[in-house]
Amino acid sequence: MMDVALIASAAVGVLAPALRHLLSLGADKAVEAAGKGVTETLWEKVKGKIFGKKGAADAANEVAAAPEDKDAKEILDTHLRQILAADPELAAEVEKLLQNAGAFHQEAHLQGDGAIAQAGAGGRAVAAGKGGIAIGGDVHGGVRSGRGED
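Just so it is clear, the structure is predicted and the values come from calculations on it, not from any experiment.

Participant: It is not clear to me how helix α4 (residues 38-52) should be interpreted in this structure. Could you clarify?
Facilitator: Given 3.6 residues per helical turn, the α-helix brings residues three or four places apart onto the same face. With 15 residues, α4 should cover 21 Å at 1.5 Å per step; its first-to-last C-alpha distance of 22 Å lies within 8% of that length. The largest bend in α4 comes to about 45 degrees, at V46. T39, L42, W43, V46, K47 and I50 are the residues of α4 that are buried.

What follows is the structure, given as structure tokens:
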């Protein structure tokens with residue numbers, strides 16, 4: 001399974017523009033809307049957990065009020081990351097839904113003399129200059145730098 005931080009970040013990216021609408025729907029209307037699209041289906045999967053977690057509903061309301069507010073989205077992302085980490089089955093469902101929708105992407109930009117920057121879901125980015133090493137996430141096993149010459 002993908003890292004829950006990436007799943008949460010992609011989920012917030014999908015939900016943020018529609019949260020105002022989704023929160024304005026009554027419970028019955030939200031259930032009817034589920035299945036109409038990825039955003040509604042995603043919301044149906046996570047909304048119970050969001051409303052059940054202290055502070056998460058407030059974070060969703062903040063994002064609904066200002067969908068472009070990076071700080072508000074980061075707070076919602078943190079709550080959603082904690083929710084998904086506590087419920088691996090839900091995390092797997094959300095990951096599958098987002099993968100099928102093409103919500104995960106990576107971009108690499110080569111600049112000048114060997115510097116590289118990569119941006120992924122949710123605006124997370126990592127960069128390394130010439131000869132540098134950039135690692136995002138966990139590294140397991142041995143890591144060797146250089147040309148392998150002893």
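Now that the structure is up, let's keep going.
Participant: Looking at this structure, how should I read the packing of helix α1 (residues 4-15) against helix α6 (residues 70-86)?
Facilitator: Working note: a packed helix pair is described by the angle between its axes plus the distance between those axes. Running from amino to carboxyl end, α1 crosses α6 at an angle of 130 degrees, the nearest separation of the two axes being 8 Å. When the axes of α1 and α6 are compared, the pair comes out oblique. As for the relative orientation of α1 and α6, their crossing is right-handed in sense. Residues V4, A5, I7, A8, S9, A11 and V12 of α1 touch α6, and the partners they reach there are K73, L76, D77, L80, R81, L84 and A85. When grouped by side-chain class, the residues that make up the contact of α1 with α6 number ten nonpolar, one polar and three charged.

Rules and cut-offs
Positions within a chain are numbered from 1, following the residues in the order the chain's sequence is written. Local features are withheld for residues below a pLDDT of 70 in this predicted model, meaning they are given only at 70 or higher, and side-chain atom pairs are given and counted only at 80 or more; totals for whole chains, interfaces and linings count all residues. For side-chain calculations, the full set of non-hydrogen atoms in the structure is used, while hydrogens and water are omitted. By the criteria applied, helices consist of DSSP H or I runs no shorter than four residues and strands consist of E runs no shorter than two, each listed in order from the N terminus. Multiplying 1.5 Å by the residue count of a helix minus one yields the expected span of that helix. Axes are fitted to the seven residues ending at a residue and to the seven starting at it; the angle between these axes is taken as the bend at that residue. For the exposure calls, accessible area comes from a 1.4 Å probe over protein chains only, and a residue counts as buried if that area is under 20% of its type's maximum, exposed if over 50%, partly exposed in between. Axis angles are defined between N-to-C directions and span 0 to 180 degrees, where every axis is a line fitted to C-alpha atoms and, for a helix, only to the segment in contact. Oblique is the label for any angle not covered by the other classes, which are roughly parallel (under 35 degrees), roughly antiparallel (over 145) and roughly perpendicular (65 to 115). Two helices crossing with the near one rotated counterclockwise from the far one by less than a right angle form a left-handed crossing, whereas a clockwise rotation gives a right-handed crossing. Contact between two residues is taken to exist if any of their heavy atoms lie within 4.5 Å; hydrogens are not considered. By the convention adopted, Pro, Cys, Tyr, Trp, Phe, Met, Ile, Leu, Val and Ala count as nonpolar, Lys, Arg, Asp and Glu as charged, and the other residues, Gly among them, as polar.

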